[in-house]
Amino acid sequence: LQVMDSAPVENSLMSSESDIQRTQYPYVTGTSVVGIKYKDGILLAADMGGSYGSTIRYKSVERLKPVGKHSLLGASGEISDFQEIMKYLDELILYDNMWDDGNSFGPKEVHNYLTRVMYNRRNKFNPLWNSLVLGGVKNGQKYLGSVSMIGVHYEDNHVATGFGNHLARPILRDEWHENLSYEEGVKLLEKCMRVLLYRDRSAVNKLQIAKITEEGVTISQ
Amino acid sequence: MTKQQANWSPYDNNGGTCVAVAGADYCVIAADTRMSTGYNILTRDYSKIIELADRCVMASSGFQADVRALQKVLASRHLIYQHQHNKQMSCPAMGQLLSNTLYYKRFFPYYSFNVLGGLDSEGKGCVFTYDAVGSYERVGYSSQGSGATLIMPFLDNQLKSPSPLLLPAKDAVTPLSESEAIDLVKTCFASATERDIYTGDKLEIVILNGSGIRREEMDLRKD
């Protein structure tokens, strides 16, 4: 799989040192993604806003997408980088399907792949400006993980990116428990998203909530 | 026009502390399980310890993505070694490999502070301590990471005999028994947790001895 570099930012005033600095800024960004494990699988929530700096430019951006049969990906940060990640993942899943060997990539594998992609891009000083949440269920095993733009990754019963880390995680630490029912899980996520709507200026009031269980993925708006 | 500054850093410090103590026929390696960034805790249950070989265990703190990449590089090199030599790598051999691997990235370092613990070819405990670019030394005990400055003086006080501070350099293993060493390590972490914000949640201990590898866990303060 070839990883294509985007065109390097040229600036004749930048002195060339031993490392060529590729400064990057995110342009169109999505805000927090929140995810929790519940009894039957994983629940992810993200709003549908795409901000262009301080204006909310797009209000129907899908930031939760299914990956293969067993996983869901949610992204915050640069939307165009997220779309490129989806391209890589679609290619990954395609090759996996082409093996036609009865095995398919579960969430652990996809998470590992994403971690490697993000880490290698940061090694080349050309990061994908995203914080990703990857959740899924395979063979009864629930998995929920997160990767940041520099490759820091971890797995937990509840994860959040961006402002969600500051505002939603404390709520989840207090109120999450094993074997949440679907309704309880959705209520908990809605509580988190409401707090984010109050306090995060880049949040909008249109949400995507996604559920993934052994049977499959459903995303509702 | 002023020079453009980078607006992101390729490094982050995810905190945490690691300790290793070598005994006459055992080695204790311990690390907390907290992963943080800035003033936030990302997760309370992330292991910093990896079993590289059946007599060699590494604990690393620092920038987690680099730590993970380093672990993968070492694990794959060990696999190749096993294919080529039909045996496991000894702890001193892994020690040299780790040093070389770190120095290989001397000009874009792995931000990883490691302690390597295990049994040498004679079955005696050995501990190697590293900095981020690979300079290393075999010692009787060591700590690295955010709580190291709190733990190291305490270990120097308690474990004077295998101390790197003694001249002439003496045999680098502690006369303590295995259970005493484990107790010592638990005390270290309980104290470090009190004063270091990046250390806490849970302590993971790995004990290597003639009979194999054993794990223990202990809860630490979560604040």
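Conventions and cut-offs
Residues numbered from 1 in each chain as written. Chains lettered and ligands numbered in written order. Predicted model: local features only at pLDDT ≥ 70, side-chain atom pairs only at ≥ 80, totals over all residues. Heavy atoms only, no water. UniProt positions renumbered as here; feature names shortened; annotations may be inferred. Core = buried A, V, L, I, M, F, W, Y, C linked by side-chain atoms within 4.5 Å. Buried < 20%, exposed > 50% of the residue type's maximum accessible area, 1.4 Å probe, protein only. Helix = DSSP H or I, 4+ residues; strand = E, 2+ residues; numbered from the N terminus. Contact = heavy atoms within 4.5 Å. Buried area = accessible area lost by both parts, 1.4 Å probe. Salt bridge = Lys/Arg side-chain N within 4 Å of Asp/Glu carboxyl O. Pairing = 2+ DSSP bridges. Axes fitted to C-alpha atoms, helices over the stretch in contact; angles between N-to-C directions. Disulfide = S-S within 2.5 Å.

Under an unreviewed UniProt entry, chain B has the name Proteasome subunit beta and belongs to Capsicum baccatum. Word for word, the UniProt comment on chain B under Subunit (unreviewed entry) is "Component of the proteasome complex."

Chain A is annotated in an unreviewed UniProt entry as Proteasome subunit beta type-4 from Capsicum baccatum. Turning to chain A, the UniProt annotation filed under Subcellular location (unreviewed entry) states: "Nucleus".

To continue, consider the nonpolar core. For soluble globular proteins, nonpolar side chains are generally found buried alongside one another. Core analysis: the biggest nonpolar cluster contains 46 residues, and Leu-44 of chain A together with Met-58, Leu-74, Met-94, Leu-98 and Leu-116 of chain B have the highest contact counts within it. Residue assignment for this core shows that the elements contributing at least two residues are strand E3 (41-47), strand E8 (130-138) and strand E12 (207-213) of chain A together with strand E5 (49-53), strand E6 (56-62), helix H1 (64-85), helix H2 (91-104) and strand E8 (125-130) of chain B. Aside from chain neighbours lying at most four places away, what touches Met-58 of chain B is Lys-48, Ile-49, Ile-50, Leu-52, Leu-70, Gln-71, Leu-74, Leu-98, Asn-114, Val-115 and Leu-116 of chain B. Core analysis: the second largest hydrophobic core is formed by 20 residues, Tyr-26, Leu-155, Leu-203 and Leu-220 of chain B among them.

What follows is about the interface of chain B and chain A. Interface size, as often reported, equals the accessible area lost upon joining of the parts. Opposite the 30 residues of chain B that make contact, chain A presents 32 residues. Between chain B and chain A, the buried area comes to about 2,500 Å², and carbon and sulfur atoms account for 53% of it. At the surface where chain B touches chain A, the tally comes to 1 salt bridge. A salt bridge links Asp-66 of chain B to Arg-122 of chain A, with the shortest nitrogen-to-oxygen separation between them at 2.6 Å.

Moving on: the sheet that holds strand E9 (residues 136-139) of chain B. Residue and element names in this part refer to chain B. Here 5 strands make up an open sheet; going across it, the order is E5-E6-E7-E8-E9 and the pairing antiparallel. With one partner strand each, in any of the chains shown, E5 and E9 form the two edges of the open sheet. The average angle at which neighbouring strand axes cross in this sheet is 25°, direction not considered. Bridge count between E5 and E6: 4 bridges; the pairing is antiparallel. Opposite Ile-49, over in E6, you have Ala-59 as the bridge partner.

As a further point, take the state of the cysteines. Residues and elements named next belong to chain B. What the rule picks out here adds up to 0 disulfides over all chains. Cys-126 supplies the cysteine sulfur nearest to Cys-27, a cysteine that is in no disulfide, at a spacing of 6.5 Å. Here Cys-91 is not cross-linked by a disulfide; its sulfur's nearest cysteine counterpart is in Cys-126, at 3.4 Å. With relative accessibility at 0%, the residue Cys-91 sits in the buried group.

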